[in-house]
Amino acid sequence: MENLLKGIYLFFTAAPGGTNNAFYTAVGGRLYLGQALEEAAFPYCVYSLVSASPDYWFDNERFENATIQFSIFSENRAPTEVSDAYQKLIALYDDAATTVTGYTVYEFEREGQWLLRDPGPARWQYVVQYNVLILKT
Amino acid sequence: MKVEWNAKPFLKEVEKVSDDSTKEIAMRVREKAQQHLDRKTDGTGALAGSIYVYESKYKDGGHIVYAHGDEDYVNKMGKLGRYYAVFVEFGTNKRRAKPYLKPALRSEGKHLLKAFRKHYKKRIESTHMRGDRY
């Protein structure tokens, strides 16, 4: 799973032709694993592994089935900033052709999303979950 | 000659079996979710105690596992009340996500077919679903 998490981050930071993707720009390049830095500026995004389990399809083929969560945080009064970043996130990661060392990525499918009013200093949180299916090469 | 078979009573039995199966799985999801909530996450056990299973009102049926926090739940971020459950599952900008429902659904949801098989078998073996009744 470590390679999957790395792959997700590298996909985020990739800058083909020296240009970052729109989601990277929207969150100012701030994507954290698990939890953000205390002093992180808004908006930012946190991603984490919600659950992972082996999945057997055919003989000797053990897929790893994982749920990945992205949470975008914004402190703007209106949810426009977080919604804009969400649109850019799904444009980047829906059916994403991420590279995971040692695995073939079969599926990177969005499972659901929730817009929440955050109780902390961040006013809004956009939660997006993906189902990822990978097979060891 | 035309022979008509009224399958309604039989289909009703099938529906009952489906309901029993989804209910069993929903109860298992609830139990597993409660196990995921350790003392560190849910010290008083208030959240674990407020996970419910109820029958869906939607046409397709099934059962829903629903979690909400204690009505009076307050922490340093203020009164979170019933919203507490969602913040434990998804996290907040100050608190790491501690998913308990989703992993429970994933691990228990895959037993649904097994549950169907078990309940159908039980029903068929009981007098109600024997062919002679229809």
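Rules used throughout
- Residues numbered from 1 in each chain as written.
- Chains lettered and ligands numbered in written order.
- Predicted model: local features only at pLDDT ≥ 70, side-chain atom pairs only at ≥ 80, totals over all residues.
- Helix = DSSP H or I, 4+ residues; strand = E, 2+ residues; numbered from the N terminus.
- Expected span 1.5 Å × (residues − 1).
- Buried ≥ 20, exposed ≤ 12 C-beta atoms within 10 Å, placed from the backbone.
- Arc of directions from axis to C-beta.
- Contact = placed C-beta atoms within 7 Å.
- Axes fitted to C-alpha atoms, helices over the stretch in contact; angles between N-to-C directions.
- Parallel < 35°, antiparallel > 145°, perpendicular 65-115°, else oblique.
- Left-handed = near helix turned anticlockwise from the far one by under 90°.
- Nonpolar A, V, L, I, M, F, W, Y, C, P; charged D, E, K, R; others polar.

Draft legend 1. Just helix H1 (residues 2–13) of chain A, in detail. All names here are of chain A. Spanning 12 residues, H1 covers 17 Å between terminal C-alpha atoms, matching the ideal 16 Å at 1.5 Å per step. Of the residues making up H1, those classed as buried are Leu-4, Gly-7, Ile-8 and Phe-12. Along the axis of H1, the buried positions cluster into a sector of 140°, meaning they face one direction only. Exposed and oriented more than 90 degrees from the buried face of H1 are Glu-2 and Thr-13. For H1, the elements touching its buried residues are helix H2 (22–26), strand S1 (31–33), strand S2 (44–56), strand S3 (62–74) and strand S5 (124–136).

Draft legend 2. Region of interest: the packing of helix H1 (residues 8–36) of chain B against helix H4 (residues 112–125) of chain B. Residue and element names in this part refer to chain B. Direction vectors running N to C along H1 and H4 enclose 135°, while the axes themselves pass 9 Å from each other. Considering the angle they form, H1 stands oblique to H4. Crossing hand, H1 versus H4: right-handed. Note on element contacts: H4 touches H1 through Leu-112, Ala-115, Phe-116, His-119, Tyr-120 and Arg-123, opposite Glu-13, Val-17, Asp-20, Ser-21, Glu-24 and Ile-25. Grouping the amino acids of the contact of H1 with H4 by side-chain chemistry returns 6 nonpolar, 2 polar and 4 charged.

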